[in-house]
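Take a look at the letters that make up each chain.
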Amino acid sequence: MTETTGIPVVLKTDNGVETPVREFLGQMLDSGAVDALIMPLKVPSGDSFAWILLNDAGMLDDAVPFPAVMPVQGARALRSLTRKEKGDLTVLALMRPCEIRAGIELSKLGQVNTDNLILATYDCPGAIPLQDYVNDPESSEASFKEMFTTGEPGENAKPACRTCVNFSAVDSDLHFGFLGISDEGMLVIPGSTRGAELLQKMDIQSETGDKLLPLWKSEVESILKKRTAARDIAFKKTESDIKGFSGMLNVFSNCIGCHNCQSACPICYCRLCYFGSEASRSNPEALMNQAIKRGGISLPPERIMFHTGRLAHMSLSCVSCGQCSDACPVSIPVADVFSFVAEQTQSTFEYKAGRNDGKPLPLRDFKKSELPGVHELVKDAEPGGASHE
Amino acid sequence: MKDKKEKSSNSEFTPKVVGFLCNWCTYAAADLAGGSRLEIPSSFSVVRVMCSSRIDHNLLLTTFFKGADGILVAGCHPGDCHYGEGNYYARRRFAQLKKVMETLDLDPERLELVWVSAAEGNRYAEVVSDFTEKIRKLGPNPMNSSTRF
Ligand code: SF4
Ligand code: SF4
Ligand code: FES
């Protein structure tokens, strides 16, 4: 769990959790502590949300700090604002933990600049699958409210959320915490010196949150235990589902090759992916040769290779946000596979995607004598190995 | 069709092995081995690359998914890379792909990374023969009997 930096403040929640957050952020804007906010607003049709960069505190009335769904992964919003340069203004972004983590990951990839960003997040109960929400916004809102009160993603949440172990206390500047203390209010917890300074500047008159902090922490721990258990079960299932050539084929058998999973993924930022490029297309003779050799091949070819390739390319940075599953039109559990493989590859390189812990991206780094997990895979090419002098 | 499959599962199976060899070391070792008339399995195809770090995931996956039974990546010994540290990065990238294949249970043992210097003609012949033999024992790449991939 990320350590807190400085003293948290308490916001009263007698009027629900959204109002005090709106007021708090409005105060930040008015005092000039930040110049603008990135927050979700309801779209005019009312059945979804959009990220809005706003600097008019009046707009906060329409802002929804804790939306029931995550249509566009927030890291994409951060990227569109800061990809070219960090800009002069300080912008606070309030997003789900997995969106903040994807933002941090993108900053390591040179796609987001966090220098002038204040990253704020909260105890995330999970999100409703996009399709369910679009089909029935009303009952989705009801189940989300339920999730929010208990702090636990019920069976109406996205599968990725039910097994998410990074739903709270991720690396950020400010964290809104309400788990385990809802009777007393809500904590605004600084997670960085920048966050702590901001809080101090705001000079909010409230009793210090020191006494509530342990209560919050222990509730987070207890929910973490449950979600970890759920994740272990899900991973076991995925592991056996995807096993081997036939497993991969089964899981991805009705993939229509639309690459939506990739378009929705916050980490897949490449303008031109190899798998959409001319270079990846085989000429007819080559395909015919394959067909003759095997007796037949599927067309268009290489659907499975696309997924294997994407796993090889980005699983080290996958934050298990589940957007890929949400985007799949044929309901393939893409995120189950990606999260499971990501867990394996990230632990091999002793790396955790979305952390701001100073560790470089694993493929931009090496050790002359490799980490134990890596060593196992390339023994011959390691010191002491058969081909190492 | 039937004949073909039966043939490929008996001991006559000649594996198709592709070697990606670094220009500055292993490729020269291959030359040396050839010049010394050492025996190299005829089914071993060589692709020359300018450094082991030229190898990316797509290159290896394409080779694998198109049906190569084994893939050998060979570069300069650590410390000897012509470009400094290319082979260290290559080793990480290779390990990453291998981990994905291992996790998906897609025959990771068909991929191997070794270092062979320009002077090691004999070792080159040995490495290639040993790897080819290992792949022969493993049998054909399952991809080659799949009509759905
Ligand atoms: S692969 Fe899926 S779960 Fe992982 S970061 Fe991309 S969209 Fe999120
Ligand atoms: S979104 Fe679904 S159907 Fe489209 S490429 Fe990804 S897995 Fe295949
Ligand atoms: S030049 Fe041979 S491995 Fe880099």
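Look above for the structure.
Here the residue index of a chain counts from 1 through its sequence in written order. Chains carry letters from A onward and ligands carry numbers from 1 onward, assigned in written order. Totals for whole chains, interfaces and linings use every residue, but because this is a predicted model, local features are given only for residues with pLDDT of at least 70 and side-chain atom pairs only at 80 or more, for both listing and counting. For side-chain calculations, the full set of non-hydrogen atoms in the structure is used, while hydrogens and water are omitted.

Draft legend 1. Representation of the overall build of chain B. To qualify as a helix, a DSSP run of H or I must reach at least 4 residues; to qualify as a strand, a run of E must reach at least 2; elements of each kind are numbered from the N terminus. Of the regular secondary structure elements, chain B holds 5 helices and 4 strands. The N-to-C order of helical and strand elements in chain B reads α-β-α-β-α-β-α-β-α. Each residue's exposure class comes from its accessible area (1.4 Å probe, protein chains only) as a fraction of the maximum for that residue type: buried when under 20%, exposed when over 50%, partly exposed otherwise. When burial is assessed residue by residue, chain B has 56% of its 149 residues classed as buried. All accessible-area figures derive from a Shrake-Rupley calculation using a 1.4 Å probe, and residue coverage is judged against the displayed protein chains alone. Of the roughly 6,400 Å² of accessible surface on chain B, 49% is carried by carbon and sulfur atoms. In chain B, which carries 20 positive and 18 negative side-chain charges, the distance between the mean positions of the two groups comes to 6 Å. Counted as positive: Lys and Arg. Counted as negative: Asp and Glu, with His and the chain ends omitted from the count. Taken as the charge location is NZ of Lys, CZ of Arg, CG of Asp or CD of Glu.

Draft legend 2. Quick look at the packing of helix α2 (residues 74-82) of chain A against helix α3 (residues 97-108) of chain A. Residues and elements named next belong to chain A. At a closest axis distance of 7 Å, the pairing of α2 and α3 adopts a crossing angle of 40°. The angle between α2 and α3 places the two elements in the oblique class. For α2 against α3, the interelement crossing comes out right-handed. Taken together, the residues of α3 that come into contact with α2 (itself represented by Gly-74, Ala-75, Leu-78 and Arg-79) are Glu-99, Ala-102, Gly-103 and Leu-106. For this scheme, ten residues count as nonpolar: Ala, Val, Leu, Ile, Met, Phe, Trp, Tyr, Cys and Pro. Four count as charged, namely Asp, Glu, Lys and Arg, and the remainder, Gly too, count as polar. Grouping the constituent residues of the contact of α2 with α3 by class yields 4 nonpolar, 2 polar and 2 charged. To obtain each axis, a line is fitted to C-alpha atoms, and for helices this fit is confined to the stretch in contact; angles are then taken between N-to-C directions over 0 to 180 degrees. Should an angle lie under 35 degrees it is considered roughly parallel, over 145 roughly antiparallel, and from 65 to 115 roughly perpendicular; all remaining angles are considered oblique. Two helices cross in a left-handed way if the nearer one is turned anticlockwise from the farther one by less than a right angle. They cross in a right-handed way if the turn is clockwise. Note on contacts: a residue pair qualifies if any of its non-hydrogen atoms lie within 4.5 Å across the two residues.

Draft legend 3. Spatial organisation of the site of ligand 1. All names here are of chain A. Ligand 1 sits among 13 residues. The nearest are Cys-265, Cys-318, Cys-321, Gly-322 and Cys-324. Within the residue set of the shell around ligand 1, elements represented by two or more residues are α12 (303-314) and α13 (323-327). Looking at the shell around ligand 1 residue by residue, the classes come out as 9 nonpolar, 3 polar and 1 charged. Only a single heavy atom is needed: when it lies within 4 Å of a molecule or strand, its residue is near that molecule or strand.

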